[in-house]
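Here is how the chains run, residue by residue.
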Amino acid sequence: MAAKDVLILQALDIVELSEHRVCISASDSSVIDTVNLKGIDVHIQKFFSNELFNGNNFKLELYVKEEEDEADQIEDKSLTNINIESVKSVTPKPANLKPDFTFSNFVKGNSNTYAFTAAYQVAKQPGISLNNPLFIYGEVGLGKTHLLHAVAHEIHRLYPDKVIRYVSCETLLNEYLEALRNPNRDPQKQLSNFRLVRQVDVLLVDDIQFIANKEAFQEEFYNTYNSLNDSQKQIVLAADRTPQQIKGLQDRLTSRFKGGLLADMHLPDLETRMVIIENLCRRHGVEMGRDCIEFLASSVSRNVRELQGAFTSVMTKSSIQNRLIDRYLIEDALVDFTELDRPALTVDVIQEEVSRYYDIDLDDLLSDSRRSPISHARQVGMYLVRELTNKTLKEIAESFKRKDHVTASHACRKVDEMVKNKDTKSQYILDLKRHLQRNFESGSR
Ligand code: ADP
Ligand code: MG
């Protein structure tokens, strides 16, 4: 290892060392970039593997340290050194950003480190073509909006002269329709106001999946996108699925969306959920024992939004009834949560989720196609309907447009064996099953 590389090592801190994991942080993303580029991570991996883990598998995570304290200091300094020039160049921060949706309030874990790091990188250096667009996707309540706001906050802090626009796709669409409303005027002139969006430095559009099937708006957005991209302006998008999974999205937009940095977000694991609760306790001055934190974090595992809701409910119950927070109080408070009005787990839902998960058209799933990925997904679909609803084999066959129940029975048996034998495909099947159980209310016919 060269002397320069040793300097890089000195810039790293070990922040966590556990049975299966080593977390290393640096205060600057360029250090992490160098580690990755020069393959220093491979040396680190080898070192820990030989010295600590006896050659066994473990996970090495590298990330950029939170800069809360430094950020405060920088902000303070900028206040004391303020001069007329800098006042002139400061552009107001978008008013629709939530103040607490910052990087430092975001808890990192396996499920979101990649998205966090990608967002952080973009915020440090907006407009770099490799990162354009940053497309963050994941299910509801996992922190996509939080990360979008955090990017906007951070860019504003680092580049106060940049014009930033954070907007939901729905609002942007309404603005577009509004601009077109006056039928007597030349459409190009009408749109000129709307097209001011092309003059921003950073455009963050949330829930971009709502652009689906809006042909004219897609055309307008495509041109906006190109215009911003051509002038190295940063675009950040969030959606509940990958660009390819957004049905009714024009191919040219799909290819643009997946051409930058694509980052997925998953449900945080138990450990991360516990840290999220710990942070909430700290922020709200709530005392909660570690066993209670663990109990609450393991009881609410659908998404972070719900975890926060459960926390609020515990906090409220404790203060209204003047009770200490213990397991019984949490159980009481959680009653409101277990019965949340989740959508029912119907056959239609299962079929839709299966096609989404395996990225197969619903029409193909229900077709006669015997192509292996399609027929596998179809068999998994029938198995999941069998496992998660009360449908009979005959009904299952019918809902998958098969003529007789033997097909359904064969499919269920085959997938059941895969799961029992821990076939390589089984983990995906179980993952999908868990997703359905978590997000939908089962027991429906
Ligand atoms: P999404 O846009 O993916 O539906 P949000 O960004 O609205 O989700 O997140 C839902 C709530 O959960 C927000 O209050 C957000 O601050 C919080 N949240 C999500 N992920 C995290 C995290 N990793 N750390 C802290 N808070 C989080
Ligand atoms: Mg959101």
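Reading the values: rules and limits
Residues numbered from 1 in each chain as written. Chains lettered and ligands numbered in written order. Predicted model: local features only at pLDDT ≥ 70, side-chain atom pairs only at ≥ 80, totals over all residues. Heavy atoms only, no water. Axes fitted to C-alpha atoms, helices over the stretch in contact; angles between N-to-C directions. Helix = DSSP H or I, 4+ residues; strand = E, 2+ residues; numbered from the N terminus. Parallel < 35°, antiparallel > 145°, perpendicular 65-115°, else oblique. Left-handed = near helix turned anticlockwise from the far one by under 90°. Contact = heavy atoms within 4.5 Å. Phe/Tyr/Trp six-rings, centres within 6.5 Å; stacked < 30°, edge-to-face > 60°. Pairing = 2+ DSSP bridges. Buried < 20%, exposed > 50% of the residue type's maximum accessible area, 1.4 Å probe, protein only. pLDDT = per-residue confidence, 0-100. Near = heavy atom within 4 Å. Polar contact = N/O pair within 3.5 Å; in protein donor to acceptor, adjacent residues only side chain to side chain. Areas by Shrake-Rupley, 256 points an atom, 1.4 Å probe, with all protein chains shown as cover. Expected span 1.5 Å × (residues − 1). Core = buried A, V, L, I, M, F, W, Y, C linked by side-chain atoms within 4.5 Å. Salt bridge = Lys/Arg side-chain N within 4 Å of Asp/Glu carboxyl O. Nonpolar A, V, L, I, M, F, W, Y, C, P; charged D, E, K, R; others polar.

**Student:** Even after reading the chapter, I still don't get the packing of helix α6 (residues 113-124) against helix α7 (residues 144-158), so can you show me in this structure?
**Tutor:** The axes of two packed helices give the description: the angle between them and the distance between them. It is the contact of α6 with α7, at a shortest axis distance of 8 Å, that shows an interaxial angle of 25 degrees. When the axis of α6 is compared with that of α7, the two are roughly parallel. In this structure, α6 crosses over α7, and the sense of that crossing is right-handed. Residues Ala115, Phe116, Ala119, Val122, Ala123 and Lys124 of α6 lie in contact with α7, whose contacting residues are Leu147, Val151, Glu154, Ile155, Arg157 and Leu158.

**Student:** Explain the packing of aromatic side chains to me, please; I cannot follow it from the model alone.
**Tutor:** Each aromatic ring pair is summarised here by two numbers: the centre-to-centre distance and the angle between the ring planes. Summed over the entire model, instances satisfying the criterion amount to 12 aromatic pairs. Ring geometry for Tyr176 against Phe194: centres 5.6 Å apart, planes inclined by 65 degrees, an arrangement best described as edge-to-face. Pair noted here: Tyr176 is in helix α8 (residues 169-180) and Phe194 is in helix α9 (residues 187-194), with a separation of 18 residues, a long-range link. With a centroid separation of 5.3 Å and an interplanar angle of 40 degrees, the aromatic rings of Tyr176 and Phe217 are classed as tilted.

**Student:** What am I meant to see in the sheet that holds strand β7 (residues 234-239) here?
**Tutor:** Across a sheet, strands are paired by hydrogen bonds formed along the backbone, either parallel or antiparallel in direction. Pairing within the open sheet is parallel, and its 5 strands lie in the order β5-β6-β7-β4-β8. Of all strands in the sheet, those bounded by a partner on one side alone are β5 (164-168) and β8 (261-265). The mean inter-strand angle of the sheet, taken between neighbouring strand axes irrespective of direction, is 15 degrees. Contacting β6 (202-206) and β7, helix α10 (residues 215-230) runs over the sheet at an angle of about 140 degrees to β7.

**Student:** Got a minute to help me understand the pairing of β7 in this structure?
**Tutor:** In summary, the side chains of a regular strand alternate between the two faces of the sheet. Along β7, 6 of the 6 residues are buried, which leaves the element largely enclosed by surrounding structure. On β7, burial covers both faces: Gln234, Val236 and Ala238 on one face and Ile235, Leu237 and Ala239 on the other are all buried. In terms of strand pairing, strand β4 (residues 134-138) meets β7 through 4 bridges, oriented parallel. Residue pairing across strands places Phe135 opposite Leu237, the latter belonging to β7. Bridge count for β6 against β7 is 4 bridges, and the pairing is parallel.

**Student:** How should the confidence of the model for the protein chain be read in this particular structure?
**Tutor:** Regions with low pLDDT carry predicted coordinates that are not meant to be interpreted in detail. Across the protein chain, the average pLDDT comes to 85, with 86% of residues at 70 or higher. This stretch, residues 67-89, has a pLDDT under 50; its non-local contacts, to residues over four places away or in other chains, come to 12 contacts.

**Student:** Just checking my understanding: could you explain the site of ligand 1 for this structure?
**Tutor:** As a matter of local geometry, ligand 1 sits amid 17 residues, with Gly141, Lys144, Thr145, His146 and Gln308 nearest to it. Between a nitrogen atom of ligand 1 and a side-chain N or O atom of Asn112, the distance comes to 3.4 Å. Residue Thr145 places a side-chain N or O atom 2.8 Å away from an oxygen atom belonging to ligand 1. Protein contact buries 91% of the 560 Å² of open area that ligand 1 shows by itself. Looking at the shell around ligand 1, the elements with two or more residues in it are α7 and α14 (304-320).

**Student:** Just checking my understanding: could you explain the environment of Asp207 for this structure?
**Tutor:** In this structure, Asp207 sits in the loop between β6 and α10. Spatially, the C-alpha atom of Asp207 lies 8.6 Å from that of Thr145, the residues being 62 residues apart in sequence. Among residues more than four places away in sequence, those in contact with Asp207 are Cys169 and Ala238.

**Student:** Got a minute to help me understand helix α20 (residues 405-420) in this structure?
**Tutor:** Each α-helix winds once per 3.6 residues, and so residues spaced three or four apart point in a common direction. Along its 16 residues, α20 runs 22 Å from first to last C-alpha, staying within 8% of the 22 Å computed at 1.5 Å per residue. Of all the residues in α20, the buried ones are Ala408, Ser409, Ala411, Cys412, Val415, Met418 and Val419. Where α20 is buried, its residues meet α18 (372-388), α19 (393-399) and α21 (426-439). A positive phi of about 50 degrees marks Lys422, the residue just after α20.

**Student:** Just to check I follow, could you spell out the nonpolar core for this structure?
**Tutor:** Taken as a class, soluble globular proteins show a tendency for nonpolar side chains to be buried jointly. One finds Ile24, Phe103, Leu134, Leu147, Val151 and Leu204 to be the most contacted residues of the largest nonpolar core, which totals 41 residues. In terms of residue count, the dominant contributor to this core is α6 (7 residues). Aside from chain neighbours lying at most four places away, what touches Ile24 is Leu12, Asp13, Ile14, Val15, Ile44, Phe48, Leu60, Glu61, Leu62 and Tyr63. The next biggest cluster of nonpolar side chains, apart from the first, holds 31 residues, and it includes Leu345, Ala411, Val415 and Leu436.

**Student:** What exactly am I supposed to notice about the side chain of Gln379 here?
**Tutor:** The topology assignment puts Gln379 in helix α18. Of the residues examined, Gln379 reaches a relative accessible area of 13% and is grouped as buried. Those residues within four positions of Gln379 in sequence are excluded, and the remaining contacts are His410, Ala411, Lys414 and Val415.

**Student:** Can you walk me through the pattern of salt bridges in this structure?
**Tutor:** According to the stated counting rule, one finds 17 salt bridges in the structure shown. The residue Glu220 makes a salt bridge to Arg195 at a minimum N-O spacing of 2.7 Å. Here Arg195 lies in the loop between α9 and β6 and Glu220 lies in helix α10, a separation of 25 residues in the sequence. A relative accessible area of 3% means that Glu220 is categorised as buried. Within this structure, Lys124, Glu154 and Arg157 form a network of salt bridges that share partners.

**Student:** Mind showing me how you'd approach the packing of α18 against α21 here?
**Tutor:** Running from amino to carboxyl end, α18 crosses α21 at an angle of 45 degrees, the nearest separation of the two axes being 11 Å. Compared by their axis directions, α18 and α21 come out oblique. α21 is crossed by α18, and the crossing has right-handed handedness. Contacts between α18 and α21 involve His376, Val380, Tyr383, Leu384, Glu387 and Leu388 on the former and, on the latter, Ile429, Leu432, Lys433, Leu436 and Gln437. Among the residues making up the contact of α18 with α21, the classes are represented as 7 nonpolar, 2 polar and 2 charged.

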